[in-house]
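Residue-level structure breakdown
The residues making up each chain are set out below.
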Amino acid sequence: PSLFGGSSETHVPWTVAPARRVQLDASSWLELVPGWLAGADALFACLLEAMPWQQRERRMFERMVLEPRLTAEIRCLANAPHPSLRHAADALSTRYGVRYDHLWLNLYRDGQDSTAWHGDRFSCRREACTVPVLTLGATRRFAIKPRAGGASLGFRPAAGDLIVMGGRCQRDWVHAVPKAIDVLGARISVNFQSSEQAGSG
């Protein structure tokens, strides 16, 4: 069987379940693909153990603070600790026409870990980018709202679900994973990144 269920010759990952597309505005969109990745629990356990997780500092209000999450990076997919990551990157590259060649991973250890409102500025320097994010582990709320202000939209991706932000989403919208006092388990988000999109061309 292939990574995504079925045979590798007849099955493609993005048809496991219909993609639900939300048109955020005239030039920004989001897709949610539930159950995109089979074997999500095994991949979660592998990454939790194998990755060199670190807690970074960032400047906030004129002082340095520890981020309330852990992060890791896979700069070369050949060094990924599980083959499913390479297969997933290849499938997403084919589906969205973007060459995904490295990964950024976030580990939310429990509901107290979070990330504030932000856009992916450094990995998306072009006017339009397509950013797939795979959820592993616990279900957490993923929120997105207009950068200029306005009401937010909320989604609850579960293990194996894929969220894809496209168009001008990283420029005109911001997203967050808020704290959740009712969540005890850990969540890993796998952000598929592209050197092409990180360039300014």
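Residues numbered from 1 in each chain as written. Predicted model: local features only at pLDDT ≥ 70, side-chain atom pairs only at ≥ 80, totals over all residues. Heavy atoms only, no water.

Moving on: empty space enclosed by the protein. Take a probe with the size of a water molecule and roll it over the atoms, and the empty space left behind shows itself. If you walk through the whole model with that rule in mind, you get 1 cavity of 30 Å³ or more. Its volume calculated, the largest cavity comes out at about 30 Å³. Going through the elements one at a time, strand 8 (131-137) and strand 11 (162-167) are the ones with two or more residues in the lining of the largest cavity. (1 Å grid on protein atoms, 1.4 Å probe; cavity = no way out; pocket = protein on both sides within 12 Å on 5 of 7 lines; lining within 4 Å. Points joined across faces, edges and corners; volume = space filled by probe spheres on them. Helix = DSSP H or I, 4+ residues; strand = E, 2+ residues; numbered from the N terminus.)

Moving on to the sheet that holds strand 6 (residues 102-108). Hydrogen bonds between backbone atoms are what pair the strands of a sheet, whose relative direction is either parallel or antiparallel. The antiparallel open sheet is built from 7 strands, whose spatial order is 1-2-11-8-13-6-5. Both edges of this open sheet fall to strand 1 (20-25) and strand 5 (70-74), since each of them pairs with a single strand only. Each strand axis lies, on average, 20° off the axis of its neighbour in the sheet, ignoring direction. Strand direction decides the pairing type here: strand 1 and strand 2 (residues 28-33), joined by 5 bridges, are antiparallel. Bridge pairing in strand 2 links Arg 20 to Leu 32. Sitting on the sheet, helix 2 (residues 83-96) touches strand 2, strand 5, strand 6, strand 8, strand 11 and strand 13 (187-193), and the angle it makes with strand 13 is about 50°. (Pairing = 2+ DSSP bridges. Axes fitted to C-alpha atoms, helices over the stretch in contact; angles between N-to-C directions. Contact = heavy atoms within 4.5 Å.)

Right, let's talk about the nonpolar core for a bit. Of all hydrophobic cores here, the largest spans 33 residues; its most connected members are Leu 136 and Val 190. For this core, the elements supplying multiple residues, two or more each, are strand 2, helix 1 (40-50), strand 5, helix 2, strand 6, strand 8, strand 11 and strand 13. Looking at this core element by element, the count peaks at 6 residues for helix 2. In this structure, Leu 136 is in contact with Leu 37, Ala 40, Leu 43, Phe 44, Leu 47, Ala 159, Ala 186, Arg 187, Ile 188 and Val 190, ignoring residues within four places of it in sequence. Within the second largest apolar cluster, 15 residues are counted, among which are Leu 30, Leu 32, Phe 142 and Trp 173. (Core = buried A, V, L, I, M, F, W, Y, C linked by side-chain atoms within 4.5 Å. Buried < 20%, exposed > 50% of the residue type's maximum accessible area, 1.4 Å probe, protein only.)

Mean pLDDT over the chain works out to 89, with 90% of the residues at or above the 70 mark. Note that residues 1-15 has pLDDT below 50 and, in this model, 27 contacts with residues that lie over four places away or in other chains. (pLDDT = per-residue confidence, 0-100.)

The residue Leu 184 is located in the loop between strand 12 (173-177) and strand 13 in this model. As for Leu 184 and Ala 138, which are separated by 46 residues in sequence, their C-alpha atoms are 8.1 Å apart. Sequence-distant contacts of Leu 184, defined by excluding residues within four places in its chain, comprise Arg 109 and Asp 110.

Glancing now at the pattern of salt bridges. By the definition in use, this model includes 10 salt bridges. A salt bridge links Glu 31 to Arg 21; the shortest N-O distance between them is 2.9 Å. With Glu 31 in strand 2 and Arg 21 in strand 1, the pair connects residues that are 10 residues apart, well separated along the chain. The class of Glu 31 is buried, set by a relative accessible area of 4%. On the basis of relative accessibility, which here comes to 44%, the residue Arg 21 falls in the partly exposed class. Between Arg 109 and Asp 113 there is a salt bridge; the shortest N-O distance is 2.7 Å. Each of the salt bridges in this network shares a partner with another, and the network as a whole consists of Glu 127, Arg 168, Arg 171 and Asp 172. (Salt bridge = Lys/Arg side-chain N within 4 Å of Asp/Glu carboxyl O.)

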